[in-house]
Structures are given as structure tokens and as C-alpha cells.
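So you can see what is in the structure, the chains are spelled out below.
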Amino acid sequence: MKIKKGDTVHMLAGKDRGKQGRVIEARPRDGKVIVENLNVMKKHQKPRPIRDANRMGGTQIAPGGIIDRPMAVSVSNVMLVCPTCKLPTRVGYVFKDIKGEHVKIRVCKREGCGQEIDK
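Note that the structure is predicted; figures quoted are calculated from it, not measured.

All told, the structure shown has seven salt bridges when counted by the stated rule. Between Arg 106 and Asp 7 there is a salt bridge, with the nearest N and O atoms lying 2.7 Å from each other. Residue Arg 106 is located in strand E11 (residues 101-108), and its partner Asp 7 is located in the segment before strand E1 (8-11); the two are separated by 99 residues in the primary sequence. Like Arg 106, the residue Asp 7 is buried in the burial classification. When the shortest N-O distance is used, the salt bridge between Asp 68 and Lys 42 registers 3.0 Å. Remark: Lys 42 occurs in strand E4 (residues 40-45) and Asp 68 occurs in strand E7 (residues 65-70); sequence separation between them is 26 residues. Comparing Asp 68 with Lys 42 shows no difference in burial state: the two are exposed.

Below you can see the structure in the form of C-alpha cells.
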């Protein structure tokens, strides 16, 4: 998967098409990512006691109600935003020798940019 946690991505499909956000969590096994403040759904949650709250002097309860939670979106529906040219781009790889190690580095494939994404 060419998208990692902390990357800025551009939504290509869905109700948030055209918006940008930062990746909170990447799930390579499922081929999905969770993007901050995008693809937000409402979840009905019961009040529940907080685990290990006894140390703080009594049981505490997490509030219930309707909460907003960002849901996972398929990797095919997002595109990485290049930090140099600030445009959505496809991702390529370049192999470099850094301190005697063979390292794979992500690169912007946009014409005229070609800068490294991983610094």
C-alpha cells in the first residue's frame, strides 16, 4: 500500500469528494485508511464505565449518545497529495543507497515535480 499514516490525501469518491485530510490509521491488510474528519458517520453509543478508572478515585462513565466517528475508506478512493507541489499525485518508487542500506523511497509521479515524498 502506497499510503501511510500521517500522509495528506485527496478524496476521489464519496460524499467528501474533493476534500483533503490527514491519514489517522492505515490498514494494509484490508486495503483501507481512516482519514481525519472525512467519511464521518454517526454512531449511537451506550454510556460505559471507563476501564482502569478505579485508580482515579471512583468509577467514571464515558458519556453515551450520538457521536461522530470517521469510518474507513478504500485506498482506491484516495490519492496522495505531494508535499512539494501540493497536488494529488500517483506514487512511484526509487531505490537509493543510504549509509550502505538499499532503501525504497516514494516519489511524486507528476510531470515537472518528481520530488521524494519520504524525507
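Picking up where we left off.
Bringing the nonpolar core into the picture now. In globular proteins that are soluble, nonpolar side chains generally tend to be buried together. Ranked by size, the top nonpolar core spans 10 residues in total: Ile 3, Val 9, Met 11, Val 23, Val 33, Val 35, Leu 38, Val 73, Val 75 and Val 78. Apart from residues no more than four positions distant in its own chain, Val 33 is found in contact with Met 1, Ile 3, Val 23, Glu 25, Ala 26, Met 71, Ala 72, Val 73, Val 75 and Val 78.

Another point: the sheet that holds strand E3 (residues 32-35). Here five strands make up an open sheet; going across it, the order is E8-E3-E2-E1-E9 and the pairing antiparallel. Taken across any chain shown, the strands that pair with only one partner, and hence form the sheet edges, are strand E8 (72-74) and strand E9 (78-80). On average, each strand axis in the sheet is tilted by 50° relative to the strand beside it, whichever way the strands run. In terms of strand pairing, E1 meets strand E2 (residues 20-27) through three bridges, oriented antiparallel. The partner of Val 9 across the bridge, within E2, is Gly 21.

Parameters and conventions
Residues numbered from 1 in each chain as written. Predicted model: local features only at pLDDT ≥ 70, side-chain atom pairs only at ≥ 80, totals over all residues. Heavy atoms only, no water. Salt bridge = Lys/Arg side-chain N within 4 Å of Asp/Glu carboxyl O. Helix = DSSP H or I, 4+ residues; strand = E, 2+ residues; numbered from the N terminus. Buried < 20%, exposed > 50% of the residue type's maximum accessible area, 1.4 Å probe, protein only. Core = buried A, V, L, I, M, F, W, Y, C linked by side-chain atoms within 4.5 Å. Contact = heavy atoms within 4.5 Å. Pairing = 2+ DSSP bridges. Axes fitted to C-alpha atoms, helices over the stretch in contact; angles between N-to-C directions.

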